[in-house]
Amino acid sequence: MSLNIVLVEPEIPNNTGNIGRLSLATGSNLHLVKPFGFEIDDKRLKRAGLDYWKHLNIKYYDSFDDFLIQNKGAQMVFLSSHGSKSHWDINYKTNMFLVFGKESVGLPKALIENQKDRLFKIPMYSDKIRSLNLANAVSIIVYEGLRQLKK
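Residues numbered from 1 in each chain as written. Predicted model: local features only at pLDDT ≥ 70, side-chain atom pairs only at ≥ 80, totals over all residues. Heavy atoms only, no water.

(A) Seen up close, the overall build of the protein. Scanning the protein from terminus to terminus reveals 5 helices and 7 strands. Since a compact globule built from 151 residues should have a radius of gyration of about 15 Å, the 14 Å found for the protein is in line with a globular shape. When the 151 residues of the protein are sorted by exposure, 46% land in the buried category. Of the roughly 8400 Å² of accessible surface on the protein, 50% is carried by carbon and sulfur atoms. Looking at charge distribution, the protein has the averaged site of its 21 positive side-chain charges lying 6 Å from that of its 15 negative ones. (Helix = DSSP H or I, 4+ residues; strand = E, 2+ residues; numbered from the N terminus. Rg over C-alpha atoms; globule rule 2.2 N^0.38 Å. Buried < 20%, exposed > 50% of the residue type's maximum accessible area, 1.4 Å probe, protein only. Areas by Shrake-Rupley, 256 points an atom, 1.4 Å probe, with all protein chains shown as cover. Lys, Arg positive; Asp, Glu negative; His and termini not counted. Charge placed at Lys NZ, Arg CZ, Asp CG, Glu CD.)

In structure tokens, the structure reads:
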């Protein structure tokens, strides 16, 4: 039932560390796309990931193009507050790639425009916020995926 969590240019080490922990807890694979907003040996990353980091199934990519080339043909969905479809509508599949953008601006605008049929959002019921914390959003999406796959 594994899923693939993809972080495109993550900027905040604590988020990435927490998502690493989530990856291990859920049996998911973690894919990190450079450039990062921190050094991979950042203390905050390690602290958030505790001593679990060494147990992760993690893959690094030099760029988003590199990621796409290496995973050509894989089933992917893209998560963005700019999506028009709810994450409840994702038809999760084993080994699906769940692609998240960086904390400050999300996914690249060109990707959002080109992937509208595979672009989903987590509904928010307040107009006072623009987005959820990345680690929280990844948790929501991954556990919904596991719930659906377990049926």
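(B) A look at the environment of Lys34. Within the secondary structure, Lys34 sits in the loop between strand S2 (29-33) and helix H2 (43-49). With sequence-adjacent residues up to four places away left out, Lys34 is seen in contact with Glu9, Tyr61, Asp62 and Ser63. (Contact = heavy atoms within 4.5 Å.)

(C) Examining the sheet that holds strand S1 (residues 4-8) more closely. Ordered by their spatial adjacency, 7 strands build an open sheet running S3-S2-S1-S6-S4-S7-S5, and the pairing between neighbours is parallel. The open sheet is flanked by strand S3 (58-61) and strand S5 (85-86), the only strands paired with a single partner. Relative to strand S6 (residues 97-100), S1 is paired through 4 bridges, and the arrangement is parallel. Bridge pairing links Asn4 to Phe97 in S6. On the sheet, helix H1 (residues 13-26) packs against S1 and S2 and is oriented at approximately 170° with respect to S1. Packing of helix H5 (residues 134-150) onto the sheet brings it into contact with S1, strand S4 (76-79) and S6, and relative to S6 it is tilted by some 160°. (Pairing = 2+ DSSP bridges. Axes fitted to C-alpha atoms, helices over the stretch in contact; angles between N-to-C directions.)

(D) Examining the packing of aromatic side chains more closely. A full pass over the atoms with the stated rule returns 4 aromatic pairs. Aromatic pair Tyr61 and Phe67: ring centres 5.1 Å apart, planes at 90°, arrangement edge-to-face. Judged by relative accessible area, which is 1%, Tyr61 ranks as buried. Grouped by ring-pair contacts, the aromatic residues Tyr61, Phe64, Phe67 and Phe97 constitute a single cluster. (Phe/Tyr/Trp six-rings, centres within 6.5 Å; stacked < 30°, edge-to-face > 60°.)

(E) Local environment of a nonpolar patch on the surface. A cluster of nonpolar residues, Ile129, Leu132 and Ile140, forms a patch on the protein surface that exposes about 220 Å² of accessible area. Position of Ile140 among the secondary structure elements: in helix H5. Taking the relative accessible area as the measure of exposure, Ile140 reaches 34% and is therefore partly exposed. (Patch = residues over 30% accessible without salt bridge, like charges linked within 9 Å, V, L, I, M, F, W, Y side chains within 5 Å. Salt bridge = Lys/Arg side-chain N within 4 Å of Asp/Glu carboxyl O.)

(F) Expanded view of the layout of surface pockets. Estimated volume of the largest pocket: approximately 570 Å³. Residue lining of the largest pocket: 24 residues in total, with Ser81, Glu103, Gly106, Ser131 and Leu132 positioned closest to the centre. Sorting the residues of the lining of the largest pocket by element identifies strand S7 (119-121) and H5 as the ones contributing at least two each. Of the residues contributing to the lining of the largest pocket, the split by class is 11 nonpolar, 9 polar and 4 charged. (1 Å grid on protein atoms, 1.4 Å probe; cavity = no way out; pocket = protein on both sides within 12 Å on 5 of 7 lines; lining within 4 Å. Points joined across faces, edges and corners; volume = space filled by probe spheres on them. Nonpolar A, V, L, I, M, F, W, Y, C, P; charged D, E, K, R; others polar.)

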